[in-house]
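Close look at the chain arrangement
Chain residues, written in single-letter form:
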Amino acid sequence: MRVLILGGIGEAVKLARLLAPRHDVIYSVAGKGRAPELDCAVRVGGFGGGEGLGDFLREKGVDLLLDATHPYAAQISRNAAQAAERARIPLWAYRRPAWRPEPTDDWREVADWPAMRAALASFRRPFFTIGLEPLQHLSEIPSRQRWLVRCLAATPPDTPNLTLLRATGPFGVEEELKLLRDFRIDVLVAKNSGGSAVEGKLLAARRLGLAVVMLERPVLPASGRHFSDVECLSAALDAGTFD
Ligand code: NAP
C-alpha cells in the first residue's frame, strides 16, 4: 500500500520506520527543520495548499494519507482533509495526547495572543516557548516586563527588554530549572504540544511553583480514524481495514 505521511514530529518518524518495511511510504516535511534519514522516500517542502496536495496524492497513486503533524500545525491538517476528499482516499491521523495539569499546577489557558497578553499583565519576566509569534509583537513589551523568547531560528532584533535564545530541543528538566532561575522567570508561556521532548520546562515550572500561561490547541478537522499511539496505528494499517 502506498502511504503518504505528513510528518514533522518524532512520532511521525517512528511511524515511517515502523511502516517502511511493509509498505510503500513517502514521508513529507515542511522543510523548516532537518529532514530525517529514513529507508523510504522523503519529500521536503510544501505542496501548494489542499489543492496541490490533492493533485500530488492522485499523481503518485497514494492509497492512504496519514496526518502525523504537530498539534499546532493546523493549516497542513486542514489541507490534508481537503486533499484526501479531492483524491477520494482515506485520511487517518495521529494526534499526540495533550499534557494535563497536576492538581497543584497553576495553568491559565488562553485562546489567542490578546488573551495571552492580558494573562501576562501581572508578571514581570515571562519565558515564551511558543515559537516566533512573540517576535511579531515586540512593540507591545511593557516597560516593566523583560521577555525571554526561545525559538528555533530568528535574527536577534535590537529591542530593549528582550533576550532571544535560539535553541532546538529536547531540553532536560535540570537545564530548564537553571534557565528559569538564571533569568528569574516568573511565568512560563507554552503551547500544549504534548510528548516528552519539551516537557522539561513544565516539570521545572512545577518544581518552582511558577504559573503557566498555556496557548490552547487549535481545533483540527475530523479524520476517518485517529490514533494516539503509533504502534496501534501501524497495527491497524497492517490489518488492512482503512475506511
Ligand atoms: P502549518 O501552518 O500547518 O503549515 C504551513 C504550511 O507549511 C502548509 O500549508 C504547507 O505548505 C507546509 N507544511 C506544513 N507541514 C508540512 C508537511 N508535513 N509536509 C509538507 N508541507 C508542510 O504549520 P507550520 O507553519 O509549520 O507550523 C505551525 C505551528 O506548528 C508552529 O507553531 C510550529 O512551531 C508548530 N510546529 C510545526 C512543525 C511542522 O513540522 N510543521 C513541527 C513542530 C512544531 P503548502 O500549503 O505549500 O503545502
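Residues numbered from 1 in each chain as written. Predicted model: local features only at pLDDT ≥ 70, side-chain atom pairs only at ≥ 80, totals over all residues. Heavy atoms only, no water.

As for the domain arrangement of the protein chain
- By the assigned domains, the protein chain splits into domain 1 (2-97 + 218-239) and domain 2 (107-215).
- Here the C-alpha centre of domain 2 lies 30 Å away from the C-alpha centre of domain 1.
- Each partner contributes residues to the interface: domain 1 has five residues there, and domain 2 has six residues.
- Summed over both sides, the interface of domain 1 with domain 2 buries roughly 450 Å², with 53% coming from carbon and sulfur.
- Taken together, the connections running from domain 1 to domain 2 amount to zero salt bridges.
- For the interface between domain 1 and domain 2, the tally reads five residue pairs in polar contact (both at pLDDT 80 or more).
- Of the residues contributing to the side of domain 1 that touches domain 2, the split by class is three nonpolar, one polar and one charged. (Domains from an automatic or database assignment. Contact = heavy atoms within 4.5 Å. Buried area = accessible area lost by both parts, 1.4 Å probe. Salt bridge = Lys/Arg side-chain N within 4 Å of Asp/Glu carboxyl O. Polar contact = N/O pair within 3.5 Å; in protein donor to acceptor, adjacent residues only side chain to side chain. Nonpolar A, V, L, I, M, F, W, Y, C, P; charged D, E, K, R; others polar.)

A short note on the pattern of salt bridges
- For the coordinates displayed, the defined rule picks out 13 salt bridges.
- Where Glu-11 meets Arg-96, a salt bridge forms, and the shortest distance between an N and an O atom there is 2.7 Å. Of the two residues, Glu-11 is situated in helix 1 (residues 10-19) and Arg-96 in the loop between strand 5 (91-94) and strand 6 (107-110); the sequence distance between them amounts to 85 residues.
- Owing to a relative accessible area of 16%, Glu-11 belongs among the buried residues under this scheme. (Helix = DSSP H or I, 4+ residues; strand = E, 2+ residues; numbered from the N terminus. Buried < 20%, exposed > 50% of the residue type's maximum accessible area, 1.4 Å probe, protein only.)

A closer look at the packing of aromatic side chains
- The full count for this structure, using the stated rule, is five aromatic pairs.
- Aromatic pair Trp-92 and Phe-227: ring centres 5.2 Å apart, planes at 45°, arrangement tilted. Linking Trp-92 in strand 5 with Phe-227 in strand 12 (residues 225-227), this pair joins segments that are 135 residues apart in sequence. Like Trp-92, the residue Phe-227 is buried in the burial classification.
- Chaining the aromatic ring pairs together yields one cluster made of Trp-113, Phe-128 and Trp-147.
- The aromatic ring of Phe-171 is capped on one face by Arg-150, whose charged end is 3.6 Å from the ring centroid. (Phe/Tyr/Trp six-rings, centres within 6.5 Å; stacked < 30°, edge-to-face > 60°. Lys NZ or Arg CZ within 6 Å of the ring centre and 35° of its normal.)

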